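Okay, here's what each chain looks like letter by letter:
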Amino acid sequence: MYILITIPAYRALRLPWMISGHDADAAIFKAIELKNALVDGHFPVRWSKRLNFGLGLPTFTFTYNLPYYLAAGLSFLGMSVVSAEKLIMGASFPLSAFFAYLWLKKHFRQWPSFVGGLLYSLVPYHFLNVYVRFALGEVVAATLLPLIFYLIDRLLNKLDGKNVALCGVGTAALLLSHQFYALIFIPLGLVYAFVISGKKVSRIGISLVLGLLLGSYYLIPMMAYKKYTYLDNPQEYFLAHDNFLTLQDLIIPAWGFGDLKDDKPGRMSLQIGVVHLGLLGVGFWLMFSSKTDKNKQLLIYFGALIMSSAVMMIEISMPVWKLVPILQNVQFPWRLMSVVVIATAFCGAYVLEKLRLKWIAVVVSILLIVAYKDYWRAGRYFPWEDRTIKSIGWPGTLTMLLEETPRWHLIRQEPNPYHQSQLPEGEATINNLVWKTNYHKFMISAKTESVMSDKTHYWPGWTAYIDGVKTPLLNPYDFLSQGLITFRVPPGKHEVEVKLLETPLEKLADSLSIIGLVIVAGLLFAPYGNLRIFE
């Protein structure tokens, strides 16, 4: 049913071209790079070889990567990466509605739950992330979010191995889909569980630990190696006044495809939505006037989340953002609209449950289609092409402030990206034989002792071998290396190999994820005892 009802929302994605979007280039190119890395035998993928003019970047060490694995997987099945990502975006409309229905059905009757699913899916913020921003990670995470609330409810109702495993897998999927969603919704999910069942919240703690284990291969290197980048630097940029909203932005129905910083008509809209606002008004009235029932506490909880999130998106909250540094990892304050969206879906279902009139549910469904019909469209279409010349690389980092760039990177390296090696010192002839994501091979004929640079950023794990013997690398801050993989070569003809190996820390992180997978398999398929000992 949702597949049919949401057709208007995703039909603009059916055309073969790419749609315009703020992050469209980044989303497509990163998926292509991840697919190429898998073909090169690099797994788990941590490195992109063509970014930053071919100097390479540890992009997938820091960037959420589940959405790109999904796109790459579909591409291996024969789809283009553009079609794969558009399919993921289009599927998010019926899937998010269905997952929200599953969750809400745990609390309400069928019709309120069904319309609640539509309220979650057909909302302006969803259209914004698909058609204006093309925010692949946020769309995947938002699609999974109500499913995770459903799994929390299942685990609270019944503590068994299957529910623990599924909730843990859901937690890991959220973490790997977008860090912001994990940062915000894992704590909110724990509070949600406490509001429902008090002491049973410890059950969610078991699944949380399992989810962190599963995501360790990504989470541990990301936290450990962040110090080698500029990822902690741009927070002042993200908290600039023009990244905050006004009350008018939240209420007034408008639409555009420009940047939020554009001080003119046509900038992107971060409205809550007129239909959603109407239901919220009734919901807040019921909060103070209706009798207490089993869902009243959750209504109050989600109502408080809506109010607090709305305040935190307005500039008056800037002192709070600066006072609590961990919040700055959200980057844009308006991302808290995702909290408003899922809370509004619950409140809307609560209102329809209380009114007990099926025709009102039908009217609300129709209003969602009519009120938002101008929002599910692309700004423009264009034939996406990989503009990268194989020996040069992508002309940039696909980040706004170069924040994933190693600290030893020098800007002056970029104008000379046309070779895969260079000779800072000595006299030699170098021939490149292999250039994969995680493996480079050269033949060098050195007349004198020379210093050779592989035109790739140094990063922990890169290791050089001369004639099969490991050779030490120069310090990346050294004048000769200038941040690149650099080493000394003796006179004569030599075979040089440069390999990206897993560091001891990465091997530990991988092992923890494997342990998590074994635990999940055991909980799902093997006999298990009484898990109540963990409560």
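Below you will find a few notes about this structure.

Definitions and cut-offs
Residues numbered from 1 in each chain as written. Predicted model: local features only at pLDDT ≥ 70, side-chain atom pairs only at ≥ 80, totals over all residues. Heavy atoms only, no water. Phe/Tyr/Trp six-rings, centres within 6.5 Å; stacked < 30°, edge-to-face > 60°. Helix = DSSP H or I, 4+ residues; strand = E, 2+ residues; numbered from the N terminus. Buried < 20%, exposed > 50% of the residue type's maximum accessible area, 1.4 Å probe, protein only. Lys NZ or Arg CZ within 6 Å of the ring centre and 35° of its normal. Pairing = 2+ DSSP bridges. Core = buried A, V, L, I, M, F, W, Y, C linked by side-chain atoms within 4.5 Å. Contact = heavy atoms within 4.5 Å. Axes fitted to C-alpha atoms, helices over the stretch in contact; angles between N-to-C directions. Parallel < 35°, antiparallel > 145°, perpendicular 65-115°, else oblique. Left-handed = near helix turned anticlockwise from the far one by under 90°. Nonpolar A, V, L, I, M, F, W, Y, C, P; charged D, E, K, R; others polar. Polar contact = N/O pair within 3.5 Å; in protein donor to acceptor, adjacent residues only side chain to side chain. 1 Å grid on protein atoms, 1.4 Å probe; cavity = no way out; pocket = protein on both sides within 12 Å on 5 of 7 lines; lining within 4 Å. Points joined across faces, edges and corners; volume = space filled by probe spheres on them. Salt bridge = Lys/Arg side-chain N within 4 Å of Asp/Glu carboxyl O.

### Regarding the packing of aromatic side chains
- If you walk through the whole model with that rule in mind, you get 37 aromatic pairs.
- Ring geometry for tryptophan 255 against tyrosine 375: centres 4.3 Å apart, planes inclined by 20°, an arrangement best described as stacked. Pair noted here: tryptophan 255 is in the loop between α15 (247-251) and α16 (274-289) and tyrosine 375 is in the loop between α20 (358-371) and β2 (381-382), with a separation of 120 residues, a long-range link. Comparing tryptophan 255 with tyrosine 375, the two get one shared label, buried.
- Aromatic pair tryptophan 408 and tyrosine 458: ring centres 5.6 Å apart, planes at 50°, arrangement tilted. With tryptophan 408 in the loop between β2 and β3 (421-425) and tyrosine 458 in the loop between β6 (450-457) and β7 (462-466), this residue pair connects regions lying 50 residues apart in the sequence.
- Between the NZ or CZ atom of lysine 35 and the centre of the ring of phenylalanine 76, over which it lies, the distance is 5.4 Å.
- Over the aromatic face of tyrosine 465 sits the side chain of lysine 499, whose NZ or CZ is 4.9 Å from the ring centroid.

### Brief notes about the pairing of strand β4 (residues 428-435)
- As paired elements, β4 and strand β5 (residues 439-446) share seven bridges and run antiparallel to each other. Each residue of the ladder has a partner; that of asparagine 431, found in β5, is methionine 443.
- Between β4 and β5, which follow one another and run antiparallel, lie three residues.

### Considerations on the nonpolar core
- With 162 residues, the main nonpolar core has Phe185 and Phe302 as its most contacted residues.
- The biggest single contributor to this core is helix α9 (residues 136-157), with 14 residues.
- Residues within four places of phenylalanine 302 in sequence aside, it is in contact with Trp103, Phe149, Tyr192, Ala343, Phe346 and Cys347.

### Overview of the environment of glycine 168
- Position of glycine 168 relative to the elements: it lies in helix α10 (residues 161-177).
- Overall, glycine 168 belongs to the buried group, its relative accessible area being 0%.
- C-alpha of glycine 168 to C-alpha of asparagine 243: the two residues are 75 residues apart in sequence and 34 Å apart in space.
- Look past the residues within four positions of glycine 168 in its chain and what remains in contact with it is Ser207, Leu210, Gly211 and Leu214.

### Describing unusual backbone geometry
- Residue proline 44 is bonded to the preceding phenylalanine 43 through a cis peptide linkage, with omega at -5°.
- Tracing the backbone shows proline 44 in the loop between α3 (24-39) and α4 (59-62).
- Its identity is not glycine, yet asparagine 52 carries a phi of approximately 55°, on the positive side.
- Relative to the helices and strands, asparagine 52 is located in the loop between α3 and α4.
- On the basis of relative accessible area, asparagine 52 is assigned to the buried category, the value being 1%.
- At leucine 398, a position not held by glycine, the phi torsion is positive, near 65°.
- Note on placement: leucine 398 falls in the loop between β2 and β3.

### As for the pairing of β7
- With five of five residues buried, β7 is to be regarded as a mostly interior element.
- Across the two faces of β7 the burial is the same, with Trp462, Ala464 and Ile466 and Thr463 and Tyr465 all buried.
- Direction of pairing for β7 relative to strand β10 (residues 492-500): antiparallel, over a ladder of five bridges. Residue pairing for β10: alanine 464 is matched across the bridge by valine 498.

### Observations regarding helix α13 (residues 216-225)
- Of all 10 residues that make up α13, seven are buried, and the element is covered over most of its length.
- Within α13, the full set of buried residues consists of Ser216, Tyr217, Tyr218, Leu219, Pro221, Met222 and Tyr225.
- The inward-facing, buried residues of α13 contact α4, α5 (66-76), α10, α11 (179-197), α12 (201-214) and α21 (504-525).

### Topic: the packing of α10 against α12
- Where α10 meets α12, the closest approach of the two axes is 7 Å, and the angle between their N-to-C directions is 50°. Classified by the angle their axes make, α10 and α12 are oblique. Crossing handedness for the pair α10 and α12: right-handed. Contacts from Asn163, Val164, Ala165, Cys167, Gly168, Val169, Thr171 and Ala172 of α10 reach α12 at Ile206, Ser207, Leu208, Leu210, Gly211 and Leu214.
- Tallied by class, the residues present in the contact of α10 with α12 amount to nine nonpolar, five polar and no charged.

### Some words on the sheet that holds strand β9 (residues 484-489)
- With antiparallel pairing, three strands are arranged side by side in an open sheet as β3-β6-β9. Taken across any chain shown, the strands that pair with only one partner, and hence form the sheet edges, are β3 and β9. Looking at each pair of strands side by side, their axes are set apart by 30° on average, direction ignored.
- Bridging between β6 and β9 involves six bridges; their strand directions are antiparallel. Residue pairing for β9: valine 451 is matched across the bridge by arginine 488.

### Here we look at the side chain of threonine 437
- Among the structural elements, threonine 437 can be located in the loop between β4 and β5.
- The exposure class of threonine 437 is buried, given its relative accessible area of 2%.
- Side-chain polar atoms of threonine 437 contact the side chain of aspartate 40, separated by 2.8 Å.
- Non-local contacts of threonine 437, meaning those with residues more than four positions away in its chain, are made with Asn36, Ala37, Asp40, His42, Trp47, Lys49 and Trp462.

### As for the layout of surface pockets
- Here the second largest pocket defines a volume of roughly 400 Å³.
- Leu176, Leu214, Tyr217, Ser513 and Leu517 are, among the 16 residues lining the second largest pocket, the residues nearest its centre.
- For the lining of the second largest pocket, the secondary-structure elements that each account for two or more residues are α5, α10 and α21.
- The element best represented in the lining of the second largest pocket is α21, accounting for five residues.
- Of the residues in the lining of the second largest pocket, the class split is 13 nonpolar, two polar and one charged.

### Focus on the pattern of salt bridges
- Under the counting rule described, the total for this entry stands at 14 salt bridges.
- Aspartate 40 is the salt-bridge partner of lysine 49, the closest N and O atoms lying 3.8 Å from each other. With respect to class, lysine 49 is no different from aspartate 40; both count as buried.
- Here glutamate 506 makes a salt bridge to arginine 46, at a shortest N to O gap of 3.7 Å. Of this pair, glutamate 506 sits in helix α21 while arginine 46 sits in the loop between α3 and α4, placing them 460 residues apart in sequence. Grouping residues by exposure puts glutamate 506 and arginine 46 together as buried.

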